[in-house]
Amino acid sequence: DLYSGDTRKVVLRLRTDVAAGDEPVTVADVEVSLRATKSDRSLSLKTAPTAIATTDADAVAKHRHPDAVRHIERAKTANAINEATALYERGEEKKAKQVLSVRRRQARSAARAIADESLGGELSSATQSAEGNLDGAGWGRGSVGSTKGKRARKANRFDAFKLAH
């Protein structure tokens, strides 16, 4: 549900089994429909993005859209923070830290690929902050339900929300 003036960012990751070739291929048929609750007016948007499949990694890298990469990496980092927080709730410290560490490395690599070191710093900082929140709350039995544990989980979910929106 969206309220008047709200916006949502939608990031899609699509995989296809299309063979490399010279002709554009429709990647997906996308339709978004909205209905204004006050006026009951409907709006429908349709699109069919296309791409040319290639096995040339350099060509893919040259045509990577920096803004798309930024949105995708922020969304992936938000997901990693949420995943690590869920692991914290189950007491799985090692897995939670691993999720954040892997995401930090991947985000830095993606940022370097589009020559945006500030993105790498932003996302690295976000994962370090999430880990710091969990470390500060403690990993022992009873920590999750403690006041510090609740604050850490809330802070992480808020930070993930900000990254994803």
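Residues numbered from 1 in each chain as written. Predicted model: local features only at pLDDT ≥ 70, side-chain atom pairs only at ≥ 80, totals over all residues. Heavy atoms only, no water.

Visitor: Any chance you could explain the packing of helix 2 (residues 66–89) against helix 4 (residues 117–137) here in plain terms?
Guide: Between helix 2 and helix 4, whose axes approach to 11 Å, the crossing angle comes to 10°. It follows from the interaxial angle that helix 2 and helix 4 lie roughly parallel. Here helix 2 contributes Arg70, Glu73, Arg74, Thr77, Ile81, Ala84 and Tyr88 to the contact with helix 4, which in turn contributes Leu119, Glu122, Leu123, Ala126, Thr127, Ala130, Leu134 and Ala137. Tallied by class, the residues present in the contact of helix 2 with helix 4 amount to nine nonpolar, two polar and four charged. (Axes fitted to C-alpha atoms, helices over the stretch in contact; angles between N-to-C directions. Helix = DSSP H or I, 4+ residues; strand = E, 2+ residues; numbered from the N terminus. Parallel < 35°, antiparallel > 145°, perpendicular 65-115°, else oblique. Contact = heavy atoms within 4.5 Å. Nonpolar A, V, L, I, M, F, W, Y, C, P; charged D, E, K, R; others polar.)

Visitor: What is the right way to read the layout of surface pockets from this model?
Guide: Reported here for the largest pocket is a volume of approximately 1400 Å³. In terms of lining residues, the largest pocket is bounded by 39 residues, among which Arg13, Leu14, Val60, Arg64 and Ile72 are the most central. Within the residue set of the lining of the largest pocket, elements represented by two or more residues are strand 1 (25–26), helix 1 (57–62), helix 2 and helix 3 (93–113). Ranked by the residues each element gives to the lining of the largest pocket, the list is headed by helix 2, at six residues. Of the residues contributing to the lining of the largest pocket, the split by class is 25 nonpolar, seven polar and seven charged. (1 Å grid on protein atoms, 1.4 Å probe; cavity = no way out; pocket = protein on both sides within 12 Å on 5 of 7 lines; lining within 4 Å. Points joined across faces, edges and corners; volume = space filled by probe spheres on them.)

Visitor: Would you explain the pairing of strand 3 (residues 42–47) in this entry?
Guide: Looking along a regular strand, one sees the side chains alternate between the two faces of the sheet. Pairing geometry for strand 2 (residues 30–35) and strand 3, over six bridges, is antiparallel. In the sheet register, valine 30 faces strand 3, and the bridge partner there is threonine 47. Linking strand 2 back to strand 3 in an antiparallel pair, the connection comprises six residues, with aspartate 40 at a positive phi of about 60°. (Pairing = 2+ DSSP bridges.)

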